[in-house]
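Tertiary structure, described
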Amino acid sequence: MEGGNLWNNSFLLVFLLLAMAVANTVNGHRTRVEFYSNSCPRAECIVKSTVESYVKSDPTLAAGLLRLHFHDCFVRGCDASVLIDGYGTERRAPPNVNLRGFEVIDGAKAQIEAVCPGVVSCSDILALAARDAVVMSGGLSWQVPTGRRDGRVSIGSETSALPAPNDTIAIQKHKFSVLGLNIRDLVILAGGHTIGRTACQFFADRIYGSNGTDPSIKPSFVPTLRQICSQNEPTKRVALDTGSQFKFDTSYFVNLKKGHGILRSDQVLWTDASTRKIVKKYLATNRFNVRFGKSMVKMGNIGVMTGAKGEIRRTCSAVNYLYSLVFFFLALAIVNTVRGQGTRVGFYSSACPRAESIVRSTVQSHVRSDPTLAAGLLRMHFHDCFVQGCDGSVLISGAGTERTAIANLGLRGYEVVDDAKTQLEAACPGVVSCADILALSARDSVVLSGGLSWQVPTGRRDGRISQASDVNNLPSPFDSVDVQKQKFSAKGLNTQDLVTLVGLLGLTFNVEFGKSMVKMSNIELKTGTAGEIRKICSAIN
């Protein structure tokens with residue numbers, strides 16, 4: 001009865017919080033110029049003065065802000081997802097590790113929140129800052145439609161959509177066209193490289209290639225580049241527009257014509273006939289300046305969220321606490337409905353109080369060293385539960401065990417579980433099961449990858465049987481939907497669990513994933529006196 005009351009009360013609070021969140025929406029359902037003229041009339045002025053202050057102190061930040069907006073819009077649309085910080089986010093992905101200007105956006109946001117709290121989105125600040133950075137560099141201004149809202153999802157792997165330094169014209173055209181940008185937008189927006197720098201490593205193969213230098217580089221320019229970039233200085237920065245890196249003009253296009261393009265993806269704009277004619281057209285500064293603003297507005301409307309979608313972040317580097325609080329109460333309600341079969345949250349609170357923190361710190365240490373282990377630990381827990389139940393049987397080593405079956409040969413993360421077990425045995429010998437370590441590790445790896453946390457009921461005991469022949473219970477890459485449904489149903493999991501555990505993306509998914517993981521983790525448990533607590537996870541006692 002008490003659990004039912006907690007469930008009801010938690011959801012009442014959830015709905016109240018969600019209602020408050022929805023009420024805090026920006027009026028209007030599309031972007032428009034001067035969107036904040038009534039709700040925050042000083043917004044654009046604050047952004048402009050902030051950009052001016054930073055760029056006067058460090059002129060290289062102008063290019064940084066322009067690139068930051070570009071990288072934001074090309075992944076998930078212009079929703080400021082690139083600003084969200086944390087493990088596994090876009091901001092930490094390889095193509096974005098050199099992005100600059102975050103402090104400018106944070107500075108503007110702090111000032112705006114002081115005068116208009118909860119009104120101006122980080123995505124709009126980013127769009128305005130990019131425009132102001134161009135103006136500070138000598139380019140023409142343009143009117144920026146505002147009214148965007150901020151996204152709540154940021155996934156590092158999605159940065160593969162970004163144009164890359166060695167992309168061919170065909171690849172660049174494709175990456176632009178899928179976002180509604182045409183070949184002229186491609187050339188014009190590439191012209192933003194008239195300001196800014198890049199690292200030597202991104203074009204070193206063009207001047208130190210095993211087959212000689214890139215023939216599209218003018219031969220007389222190669223010694224100049226080699227003098228700037230020796231082979232042992234891969235991170236040294238080089239101007240993308242030689243001789244004019246701080247001025248927004250058309251010398252970038254002039255350099256392409258001369259064979260002085262720095263990146264391969266830049267120089268091909270001249271060597272390809274379809275883009276060369278556009279480059280020629282915009283060699284005149286005024287024509288380019290006008291067209292650049294138009295293409296920026298077009299790019300700035302990619303995938304925007306307006307109206308009640310998304311949120312207005314209070315801090316640009318993190319989604320709002322309000323939604324984190326919603327998820328907390330949902331998770332709390334979820335755990336209180338799936339406690340059965342002898343497991344419970346905080347099972348080791350007396351017997352081994354540091355158990356969960358030891359597992360968490362061990363997972364963090366290994367995953368930070370090798371991020372691919374996060375997926376490995378999640379998959380291992382999944383493969384464990386679908387065979388003999390969640391009993392750590394997949395960890396047992398030896399001929400004919402689950403671990404040696406073909407379906408499990410690619411499993412990874414054993415060393416993480418073994419490491420955690422060693423530390424736990426030193427602190428609490430014979431207390432914490434390998435099955436629980438695996439369940440906790442799966443949760444912690446999801447959190448390290450940017451997912452929401454959930455409370456893991458513990459108290460499982462380890463199985464003593466592990467047979468390779470049993471792994472035919474595992475879902476296969478070749479399974480039809482009907483076969484997958486049958487395999488999940490046999491374990492007490494429904495179609496929603498199937499879809500969720502396979503892994504969709506989005507706000508609801510984060511909550512449902514924790515719910516389905518708790519449900520999966522209770523498959524055929526051994527508790528009480530059943531099974532054992534292994535001393536070493538790879539062998540029965």
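Presented here is a report on the structure given in the accompanying data block. (Residues numbered from 1 in each chain as written. Predicted model: local features only at pLDDT ≥ 70, side-chain atom pairs only at ≥ 80, totals over all residues. Heavy atoms only, no water.)

Focus: unusual backbone geometry
The backbone of E34 shows a phi angle near 60°, a positive value even though the residue is not glycine. Assignment of secondary structure puts E34 in the loop between β1 (32-33) and α2 (43-57). Phi angles above zero are rare outside glycine, and A80 is one such case at about 60°. Relative to the elements of secondary structure, A80 occurs in the loop between α3 (61-73) and α4 (102-115). With a relative accessible area of 0%, A80 lands in the buried category. (Helix = DSSP H or I, 4+ residues; strand = E, 2+ residues; numbered from the N terminus. Buried < 20%, exposed > 50% of the residue type's maximum accessible area, 1.4 Å probe, protein only.)

What to know about the nonpolar core
Formed by 68 residues in total, the largest nonpolar core has its most connected members in L83, I105, L269, F292 and M299. In terms of residue count, the dominant contributor to this core is helix α5 (residues 122-136) (9 residues). The contact partners of I105, leaving out residues within four places of it in the chain, are L65, L68, L83, I125, L126, A129 and C316. Judged by nonpolar contacts, the second largest core, of 31 residues, contains L373, Y414, A420 and L448. (Core = buried A, V, L, I, M, F, W, Y, C linked by side-chain atoms within 4.5 Å. Contact = heavy atoms within 4.5 Å.)

Points about the state of the cysteines
Disulfides are covalent bonds that link the sulfur atoms of two cysteine residues. With the rule as written, the count across this model stands at 7 disulfides. One disulfide bridge connects C73 with C78, the sulfur atoms lying 2.0 Å from each other. Sign of the S-S torsion, about 120° for the bond between C73 and C78, identifies this disulfide as right-handed. Looking at C73, the relative accessible area reads 0%, which means it is buried. (Disulfide = S-S within 2.5 Å.)

Looking at the layout of surface pockets
Taken as a whole, the second largest pocket encloses approximately 880 Å³ of empty space. Along the wall of the second largest pocket there are 43 residues; nearest its centre are R67, H71, H193, L240 and L263. Among the secondary structure elements, those contributing two or more residues to the lining of the second largest pocket are α3, α6 (169-177), α7 (183-190), β3 (197-199), α11 (264-271) and α13 (285-299). (1 Å grid on protein atoms, 1.4 Å probe; cavity = no way out; pocket = protein on both sides within 12 Å on 5 of 7 lines; lining within 4 Å. Points joined across faces, edges and corners; volume = space filled by probe spheres on them.)

Considerations on the packing of aromatic side chains
In this description, an aromatic ring pair is defined by two values, namely the gap between the centres and the angle between the planes. All chains considered together, the criterion is met by 12 aromatic pairs. Measuring from centroid to centroid gives 6.3 Å for F70 and F176, while their planes differ by 50°, and the two rings are tilted. Here F70, found in helix α3, pairs with F176, found in helix α6; they are 106 residues apart in sequence, far enough to count as distant. A relative accessible area of 17% places F70 in the buried class. Relative accessible area serves as the criterion here: at 2%, F176 is assigned to the buried category. Each residue in the set W142, F248, Y252, F253, F288 and F292 is aromatic and connected to the rest through ring pairs, giving one cluster. For R91, the ring lying beneath its charged end belongs to F102, and the centroid distance is 3.7 Å. (Phe/Tyr/Trp six-rings, centres within 6.5 Å; stacked < 30°, edge-to-face > 60°. Lys NZ or Arg CZ within 6 Å of the ring centre and 35° of its normal.)

What about the packing of α3 against α13?
Each pair of packed helices gets described by two things: the angle between the helix axes and the distance between those axes. α13 packs onto α3 with a crossing angle of 40° between their chain directions and a minimal axis gap of 10 Å. In this view, α3 runs oblique relative to α13, as classed from their interaxial angle. Contacts between α3 and α13 pair L66, H69, F70 and C73 from the former with F292, M296 and M299 from the latter. A breakdown of the residues in the contact of α3 with α13 according to their chemical character gives 6 nonpolar, 1 polar and no charged. (Axes fitted to C-alpha atoms, helices over the stretch in contact; angles between N-to-C directions. Parallel < 35°, antiparallel > 145°, perpendicular 65-115°, else oblique. Nonpolar A, V, L, I, M, F, W, Y, C, P; charged D, E, K, R; others polar.)

As for the environment of V345
Along the chain, the position of V345 falls in the loop between α14 (321-335) and α15 (355-369). The partly exposed category is assigned to V345, whose relative accessible area is 25%. C-alpha of V345 to C-alpha of T458: the two residues are 113 residues apart in sequence and 5.9 Å apart in space.

With respect to the pattern of salt bridges
Counted by the stated rule, this structure contains 21 salt bridges. Measuring nitrogen to oxygen at the nearest pair gives 3.4 Å for the salt bridge that ties E44 to R131. Of this pair, E44 sits in helix α2 while R131 is found in helix α5, placing the two residues 87 residues apart along the sequence. Among the residues examined, R131 registers a relative accessible area of 8% and is labelled buried. (Salt bridge = Lys/Arg side-chain N within 4 Å of Asp/Glu carboxyl O.)

Overview of the packing of α7 against helix α12 (residues 273-281)
It is the contact of α7 with α12, at a shortest axis distance of 10 Å, that shows an interaxial angle of 55°. Judged by the inter-axis angle, α7 sits oblique to α12. Here α7 and α12 pass one another in a crossing that is right-handed. Here I183, R184 and V187 of α7 lie close against α12, whose contacting residues are S274, T275, I278, V279 and K281. Class assignment of the residues belonging to the contact of α7 with α12 gives a composition of 4 nonpolar, 2 polar and 2 charged. (Left-handed = near helix turned anticlockwise from the far one by under 90°.)

Digging into a positive patch on the surface
On the surface, a cluster of positive charge is contributed by R184, K281, R287 and K294. Note on placement: R184 falls in helix α7. A relative accessible area of 30% places R184 in the partly exposed class. (Patch = residues over 30% accessible without salt bridge, like charges linked within 9 Å, V, L, I, M, F, W, Y side chains within 5 Å. Areas by Shrake-Rupley, 256 points an atom, 1.4 Å probe, with all protein chains shown as cover. Lys, Arg positive; Asp, Glu negative; His and termini not counted. Charge placed at Lys NZ, Arg CZ, Asp CG, Glu CD.)

Some thoughts on the side chain of D124
The topology assignment puts D124 in helix α5. Take D124: its relative accessible area is 0%, and that puts it in the buried class. At 2.7 Å, the side chain of D124 and the backbone nitrogen of G147 are in polar contact. (Polar contact = N/O pair within 3.5 Å; in protein donor to acceptor, adjacent residues only side chain to side chain.)

A few points about helix α17 (residues 414-427)
The end-to-end C-alpha distance of α17, which contains 14 residues, comes to 20 Å, matching closely the 20 Å that a straight helix rising 1.5 Å per residue would cover. Along α17, the residues that are buried comprise Y414, V416, V417, A420, K421, L424 and E425. One side of α17 holds all its buried residues, which, seen down the axis, span an arc of 160°. Across from the buried face of α17, at angles greater than 90 degrees, the exposed residues are T422 and A426. Those residues of α17 hidden inside the fold are in contact with α15, α16 (373-385) and α18 (434-448). (Expected span 1.5 Å × (residues − 1). Arc of directions from axis to C-beta.)

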